[in-house]
Amino acid sequence: MLDSGSAAKGHLRKDDGMPKKRFYRQRAHANPLTDHALDFPASPAQMDWSKHYPAFFPAMPDEGARASASRSVEFADIGCGFGGLLMDLAPLYPDTLMLGMEIRIQVTQYVADKINALRKQEGNGYQNVSVVRANSMKFLPNFFGRHQLSKMFFLFPDPHFKKAKHKARIISPSLLAEYAYVLRPGGIVYTITDVKDLHEWMVKHLDAFPLFERIPDEELRNDKIVELVRTSTEEGKKVERNSGDKYLACYRRLEDH
């Protein structure tokens, strides 16, 4: 079971056990370039996934058992926020392990509490989804091995409007090299934002990177995940309420040259 420390503080609803979002509020963004007190494995082989997906992993008391586990996380939601996409994807892909990565403490706790509540409600449901507090800009290869992931999501990331802050944007040439490392050939990167300048920035860098190619819009019409990317997150719903624009761009990981 995921760590659910907030339950003892009365943050869960008495009627359905669901966490109340208002108890988990904090700043909208965190600076990824700041040093945070984070726990992370020295390498993917050191990660004990049995704590996150007990229905899929036996208890793994030693490093050899961890390394030999046959299942692996395939979907990664980078900066998952309150986990809306994960909650919608989990029942659609019940045999696919998916992980949210979020740097903010309270938001991460909310997602963990919600997953625990849904697991209690649904029995066998939502066993394939989990969350970690992590800085993916610094420690992504500590969690995932080469070509491990099949889908990565960057939904409404912090735009970092000031030019001096652009180095903190989640899409950059150096970070794309890491994403290409953990994403398998044929895997897909999904990006969406309501900020046109950020959309153009992400497209420019993804277009220039030799291991990614943009997926044509007509092909995306057959991808059932795209609609969830547009609508399932808290930020996406806020943009919808305000009748704002959403800029989507998806890229396929090419074979290594």
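As recorded by an unreviewed UniProt entry, the protein chain carries the name tRNA (guanine-N(7)-)-methyltransferase and is attributed to Mixia osmundae. UniProt annotates the protein chain under Sequence similarities (unreviewed entry) with the comment "Belongs to the class I-like SAM-binding methyltransferase superfamily. TrmB family." Quoted verbatim from the Subcellular location (unreviewed entry) field of UniProt, the annotation for the protein chain is "Nucleus".

## Some details on helix H6 (residues 196-208)
Taking 1.5 Å of rise per residue, 13 residues should cover 18 Å, and H6 covers 18 Å from first to last C-alpha, within 8% of that figure. Residues of H6 that are buried: Leu198, His199, Trp201, Met202, Val203, His205 and Leu206. Where H6 is buried, its residues meet helix H5 (173-182), strand S5 (183-193), strand S6 (212-214) and strand S7 (247-253).

## What about the packing of aromatic side chains?
For the structure shown, the criterion picks out nine aromatic pairs. When the ring of Phe75 is compared with that of Tyr93, the centres are 5.3 Å apart and the planes differ by 70°; the resulting orientation is edge-to-face. With Phe75 in strand S1 (residues 73-78) and Tyr93 in the loop between helix H2 (84-92) and strand S2 (97-102), this pair connects stretches of sequence that are 18 residues apart. Counting every residue linked through ring pairs, the aromatic cluster contains Phe75, Tyr93, Phe153 and Tyr190. The residue whose ring lies beneath Arg169 is Trp201, and the NZ or CZ to ring-centre distance is 4.9 Å. The cationic tip of Lys224 hangs over the ring face of Tyr93; the distance from NZ or CZ to the ring centre is 5.0 Å.

## Concerning the sheet that holds S6
Read across the open sheet, the seven strands follow the order S3-S2-S1-S4-S5-S7-S6; overall the sheet is mixed. Each having just a single partner strand, strand S3 (129-133) and S6 make up the two edges of the open sheet. Ignoring strand direction, the axes of neighbouring strands in this sheet form an average angle of 20°. Bridge count for S6 against S7 is three bridges, and the pairing is antiparallel. The residue bridging Phe212 from the neighbouring strand is Arg253, located in S7. Sheet contacts for H2: S1, S2, S3 and strand S4 (149-155); angle to S2, the most-contacted strand, approximately 175°. Helix H3 (residues 105-122) contacts S2 and S3 of the sheet and is inclined by roughly 160° relative to S3.

What counts, and where the lines are drawn
- Residues numbered from 1 in each chain as written.
- Predicted model: local features only at pLDDT ≥ 70, side-chain atom pairs only at ≥ 80, totals over all residues.
- Heavy atoms only, no water.
- UniProt positions renumbered as here; feature names shortened; annotations may be inferred.
- Helix = DSSP H or I, 4+ residues; strand = E, 2+ residues; numbered from the N terminus.
- Expected span 1.5 Å × (residues − 1).
- Buried < 20%, exposed > 50% of the residue type's maximum accessible area, 1.4 Å probe, protein only.
- Contact = heavy atoms within 4.5 Å.
- Phe/Tyr/Trp six-rings, centres within 6.5 Å; stacked < 30°, edge-to-face > 60°.
- Lys NZ or Arg CZ within 6 Å of the ring centre and 35° of its normal.
- Pairing = 2+ DSSP bridges.
- Axes fitted to C-alpha atoms, helices over the stretch in contact; angles between N-to-C directions.

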